[in-house]
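So the chains spell out like this:
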Protein chains: 2
Amino acid sequence: MQNFEQFLLNNLPQSQSIHPTYESALHNMLKAGGKRFRPALLLGVVKAYNPLLIESAYHGAYAIELLHTYSLIHDDLPAMDNSPLRRGHPTLHVSYDEVTAILVGDALNTYAFEILSEAPFSDETKVKLIKELSSNGGLNGMVLGQAIDCYFENKPLEIEDIKILHTNKTAKLIAASLKMGAIIVAQENIANELYNFGIKLGLLFQIQDDILDVTQSTQEAGKLTNNDEDKNSFVTILGLDKAMSEANLLADELINEMQSFDESLQRELSSMLITYINRHKN
Amino acid sequence: MQNFEQFLLNNLPQSQSIHPTYESALHNMLKAGGKRFRPALLLGVVKAYNPLLIESAYHGAYAIELLHTYSLIHDDLPAMDNSPLRRGHPTLHVSYDEVTAILVGDALNTYAFEILSEAPFSDETKVKLIKELSSNGGLNGMVLGQAIDCYFENKPLEIEDIKILHTNKTAKLIAASLKMGAIIVAQENIANELYNFGIKLGLLFQIQDDILDVTQSTQEAGKLTNNDEDKNSFVTILGLDKAMSEANLLADELINEMQSFDESLQRELSSMLITYINRHKN
């Protein structure tokens, strides 16, 4: 059986035309690796409840990775974070140009929904997945988070508003990944519990990123670090020590909540999650 | 019964948050009017075959208008056409800023699929509509067309390649509008015929735009005109006279093809289409 990474590489968007670099630009950031954290969450849930569906579930996982990847490409644009590096590679607007980065982002955004519309699921499941991905990855989710982040650059927010920012910018897509797994295996009784767990996990993830931004070098992170001073990061607002305590607190809560997961779900997700949950401690 | 314009205004994206201008920016270009040509095509088909479905069909028409509107916002960005004016209003990156224009475009792109996933259609119909919109509005459709257009700025193309450019950039979404109408009323026997008609109609539309770009003032057009010199427009490649002949030829073909439409479809679409088909002659 192929793994998800092979599936992704075998299903890169095809587009042959007179444009000499368009297709390679579409592939560039998808092939650049990354942790594939969101796909792993979705696939973990599917494996726990119905391993036979794992290859179909790759389509759902791919759609999430497409949406996540487009958001990275647009976040890195000169008008936004103006980042030269992502996933250890030059960003698209550096390797190609700004027009290409905008259009490739647009294309991957739309392609996520094309992939879901053609996935080997029932129409009912497809529609549920599309609803979940679009509502969490769109104007009242990921995009809103980025809009708040950019608007309030250089304008310090209260901690509660920073949580709103990152719930939207990061946590909702992570939460949706778990919930979409539950939808695929028709375990909708646990969908909301997993979603809420995912929101907390996403917040922890962001606090950790903010911590690593000040403690890791650019080379270790594969993206520009030490560039959050003007941003509403947990570290700039709380300070490193308090951000660490907040991360520890959330980590304990999450490990505690995982105890109530079904055994098969614990088996599939625990070891991966515990590694993530503790990554700020190294 | 409300008309489509009222439906659109009643269903503008809602997003209340600490961001003071995000929601108004989301509304800005949707409220700015425009011809609503693509919605009118979809709704014309629906009205011809099943007028009872017209209010449900507004959801499909709205999704197309969302995708079209996001594409205008991104096409107008400083990195692309750098246009100050659209639909008679200042463009988003002028009224707000570039970040806002990028993010609002992203949000409307995703929202189109959220709207379809929640529309009052069967799941089967929803999936077909999502497939149609994403495949024509995405990486092998509208986005590819814009990529080719930008890449070959200042590099003159052959006329056949210009047709490929505009088939993707403009015609596929127009063709999809007619086909999506046929899907909604379950007249899939005419879906491909309508699609092919729409491709020709879209090409004519583009030739006309290129003609009007040199013959209309900015004020008449509601957008910057006389700015296609570096572009692969039909007029820059063929000259105005030949572009006019090409437009006349296509117009005749389309009027001829319309004769084979079912009577009810002719009744719904003919007068609107004939006005459009002849608009370059004034």
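Residues numbered from 1 in each chain as written. Chains lettered and ligands numbered in written order. Predicted model: local features only at pLDDT ≥ 70, side-chain atom pairs only at ≥ 80, totals over all residues.

## Notes on the overall build of chain A
Phase 1 of the analysis: Each helix and strand counted, chain A has 14 helices and two strands in total.
Phase 2 of the analysis: Compactness check: chain A gives a C-alpha radius of gyration of 18 Å against a globular reference of 19 Å for 282 residues, within 12% of the reference.
Phase 3 of the analysis: Referenced to the eigenvectors of the C-alpha coordinate spread, the extents of chain A come out at roughly 55 × 50 × 30 Å.
Phase 4 of the analysis: Within chain A, the fraction of its 282 residues that count as buried is 51%.
Phase 5 of the analysis: If you take every contact in chain A between residues at least 6 apart in sequence, the share linking residues at least 24 apart comes to 69%. (Helix = DSSP H or I, 4+ residues; strand = E, 2+ residues; numbered from the N terminus. Rg over C-alpha atoms; globule rule 2.2 N^0.38 Å. Buried ≥ 20, exposed ≤ 12 C-beta atoms within 10 Å, placed from the backbone. Contact = placed C-beta atoms within 7 Å.)

## Points about the relation of the copies chain B and chain A
Phase 1 of the analysis: Here chain B sits on chain A after a turn of 180° about the axis and a move of 0.0 Å along it, with an RMSD of 0.0 Å. Taken together, the turn and the small shift mark the pair as related by a two-fold rotation axis. Residue Asp123(B) of chain B places its C-alpha closer to the rotation axis than any other residue of that unit, at 2.8 Å. (Least-squares fit on C-alpha atoms with pLDDT ≥ 70 in both.)

## Some words on helix α8 (residues 142-151) of chain A
Phase 1 of the analysis: Among the ten residues in α8(A), ten count as buried, and that is most of the element.
Phase 2 of the analysis: Against α4 (54-75), α7 (123-137) and α9 (159-184) of chain A together with α2 (22-31) and α6 (98-117) of chain B lie the buried residues of α8(A).

## Comments concerning the interface of chain B and chain A
Phase 1 of the analysis: With 45 residues of chain B at the interface, the matching set in chain A holds 45 residues.
Phase 2 of the analysis: Counting only elements with at least two residues in the side of chain B that touches chain A, the list comes to α2, α6, α7 (123-137), α8 (142-151) and α9 (159-184) of chain B.
Phase 3 of the analysis: Of the residues forming the side of chain B that touches chain A, the biggest block, twelve residues, is contributed by α6(B).
Phase 4 of the analysis: Here the side of chain B that touches chain A is built from residues that sort into 23 nonpolar, 13 polar and nine charged. (Nonpolar A, V, L, I, M, F, W, Y, C, P; charged D, E, K, R; others polar.)

## Focus on α8(B)
Phase 1 of the analysis: Buried within α8(B) are the following residues: Met142(B), Val143(B), Leu144(B), Gly145(B), Gln146(B), Ala147(B), Ile148(B), Asp149(B), Cys150(B) and Tyr151(B).
Phase 2 of the analysis: Looking at the packing, one finds that the buried side of α8(B) touches α2 (22-31) and α6 (98-117) of chain A together with α4 (54-75), α7 and α9 of chain B.

## As for unusual backbone geometry
Peptide bonds are mostly trans, and most non-glycine residues show a negative phi.
Phase 1 of the analysis: One non-glycine residue, Ala186(A), lies in the positive phi region at around 55°.
Phase 2 of the analysis: Structurally, Ala186(A) can be placed in the loop between α9 and α10 (191-215).

## Structural notes on the packing of α6(A) against α7(A)
All names here are of chain A.
Phase 1 of the analysis: In the contact formed by α6 and α7, the axes pass within 9 Å of each other and the chain directions differ by 160°. One way to sum up the angle between α6 and α7 is to call them roughly antiparallel. Pair α6 / α7 crosses with right-handed handedness. On α7, the residues touching Ala-112, Phe-113, Leu-116 and Ser-117 of α6 are Lys-126, Leu-129, Ile-130 and Leu-133.
Phase 2 of the analysis: Split by residue class, the contact of α6 with α7 holds six nonpolar, one polar and one charged. (Axes fitted to C-alpha atoms, helices over the stretch in contact; angles between N-to-C directions. Parallel < 35°, antiparallel > 145°, perpendicular 65-115°, else oblique. Left-handed = near helix turned anticlockwise from the far one by under 90°.)

## Observations concerning the nonpolar core
Phase 1 of the analysis: One finds Leu42(A), Val45(A), Ala112(A), Leu133(A), Val45(B), Ala112(B) and Leu133(B) to be the most contacted residues of the largest nonpolar core, which totals 168 residues.
Phase 2 of the analysis: Contact partners of Ala112(A), with chain neighbours within four places excluded, come to Ala63(A), Leu66(A), Leu67(A) and Leu133(A). (Core = buried A, V, L, I, M, F, W, Y, C linked by C-beta atoms within 7 Å.)

## Focus: the environment of Thr21(A)
Phase 1 of the analysis: The residue Thr21(A) is located in the loop between α1 (4-10) and α2 in this model.
Phase 2 of the analysis: Considering only alpha carbons, one finds Thr21(A) and Gln146(A), 125 residues apart in sequence, at a separation of 28 Å.

## Some words on the confidence of the model for chain A
Phase 1 of the analysis: Taken over all residues, the pLDDT of chain A has a mean of 94, while the share at 70 or more is 96%.
Phase 2 of the analysis: ipTM for the predicted complex: 0.95, alongside a pTM of 0.96. (pLDDT = per-residue confidence, 0-100.)

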